Amino acid sequence: MVDAKDIIQKIKEGNSVHYNGEEIQGNIEGIAGVIASQMSLTYCVFKGNVNLKGVTFSGEVSFRGSSFKRESNFEGIIAKKIVDFKNATFEYDFKGSGTATKKTVFQSGVVFN
């Protein structure tokens, strides 16, 4: 089990985040601006909300095979490198289309199933 606060702290400190097959407890939220580090949260189970609304990812991001059990919000993100959601499942609300003023942009592509 990994506490979401540990992930948030790593991101805010500019450290890479790498977890595979972990259960993530708590909400991932309160992150703004640019996430410069690489994020790999593969085959994880997110028990809380994931709110990355409006952030810019400048490194590679993978949620491959992960399961989102609560709300996940990726509205208005800008991803400068590929974002991998292949085989990810969303059991609650998924927000990712953006709004008229703040579009979700995948500059190098996105992978779903």
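See above for the structure.
Residues numbered from 1 in each chain as written. Predicted model: local features only at pLDDT ≥ 70, side-chain atom pairs only at ≥ 80, totals over all residues. Heavy atoms only, no water.

1. Examining the pattern of salt bridges
Now for step 1: Taken as a whole and assessed by the stated rule, the structure comprises three salt bridges.
Now for step 2: E75 is the salt-bridge partner of K53, the closest N and O atoms lying 3.9 Å from each other. Linking K53 in the loop between β7 (50–51) and β8 (56–57) with E75 in the loop between β11 (72–73) and β12 (78–79), this pair joins segments that are 22 residues apart in sequence.
Now for step 3: By relative accessible area, K53 is classed as partly exposed at 47%.
Now for step 4: The salt bridge partner of D84 is R64, with a shortest N-O separation of 2.7 Å. Taken together, the positions of D84 in strand β13 (residues 83–84) and R64 in the loop between β9 (61–62) and β10 (67–68) put the pair 20 residues apart, joining distant regions of the chain.
Now for step 5: Given a relative accessible area of 28%, R64 falls into the partly exposed group. (Salt bridge = Lys/Arg side-chain N within 4 Å of Asp/Glu carboxyl O. Helix = DSSP H or I, 4+ residues; strand = E, 2+ residues; numbered from the N terminus. Buried < 20%, exposed > 50% of the residue type's maximum accessible area, 1.4 Å probe, protein only.)

2. Topic: the sheet that holds strand β15 (residues 94–95)
Now for step 1: The three strands lie next to each other as β7-β11-β15, forming an open sheet whose pairing is parallel. With partners counted over all chains shown, the strands left at the sheet margins are β7 and β15, one partner each.
Now for step 2: With two bridges joining them, β7 and β11 adopt parallel strand pairing. Note that in β11 the partner of N51 across the bridge is N73. (Pairing = 2+ DSSP bridges.)

3. Describing the environment of K81
Now for step 1: Within the element layout of this structure, K81 appears in the loop between β12 and β13.
Now for step 2: K81 sits in the partly exposed class, given a relative accessible area of 40%.
Now for step 3: Along the chain, K81 and Q38 lie 43 residues apart, while their C-alpha atoms are 9.9 Å from each other.

4. A few points about the side chain of S67
Now for step 1: Tracing the backbone shows S67 in strand β10.
Now for step 2: Polar side-chain contacts of S67 include one of 3.3 Å to the side chain of T89.
Now for step 3: Apart from residues no more than four positions distant in its own chain, S67 is found in contact with C44, V45, F46, T89 and E91. (Polar contact = N/O pair within 3.5 Å; in protein donor to acceptor, adjacent residues only side chain to side chain. Contact = heavy atoms within 4.5 Å.)

5. Section: the sheet that holds strand β1 (residues 2–3)
Now for step 1: What the five strands build is an open sheet, ordered β1-β3-β6-β10-β14; its pairing is parallel. Taken across any chain shown, the strands that pair with only one partner, and hence form the sheet edges, are β1 and β14 (89–90).
Now for step 2: By the bridge criterion, two bridges tie β1 to strand β3 (residues 23–25) in an arrangement that is parallel. Residue pairing in the sheet places V2 in a bridge with I24 of β3.

6. Comments concerning the packing of aromatic side chains
Now for step 1: This structure, assessed with the given rule, holds nine aromatic pairs.
Now for step 2: Here F63 and F74 contribute two aromatic rings whose centre-to-centre distance is 5.6 Å and whose plane-to-plane angle is 65°, an arrangement assigned as edge-to-face. Here F63 is found in the loop between β9 and β10, whereas its partner F74 is found in the loop between β11 and β12, with 11 residues between them in sequence. When sorted by exposure, F63 lands in the same class as F74, which is buried. (Phe/Tyr/Trp six-rings, centres within 6.5 Å; stacked < 30°, edge-to-face > 60°.)

7. Some details on the nonpolar core
Now for step 1: Within the largest apolar cluster, 28 residues are counted, with the highest numbers of intra-cluster contacts made by I7, I28, M39, L41, F46, L52 and F63.
Now for step 2: Secondary structure elements with two or more residues in this core: α1 (4–12), β2 (17–20) and β5 (39–42).
Now for step 3: Among the elements that make up this core, the one with the highest residue count is α1 (four residues).
Now for step 4: Setting aside anything within four residues of it in sequence, one finds I7 in contact with V2, V17, Y19, I24, I28 and L41. (Core = buried A, V, L, I, M, F, W, Y, C linked by side-chain atoms within 4.5 Å.)

Function-wise, these values are silent; they only describe arrangement.
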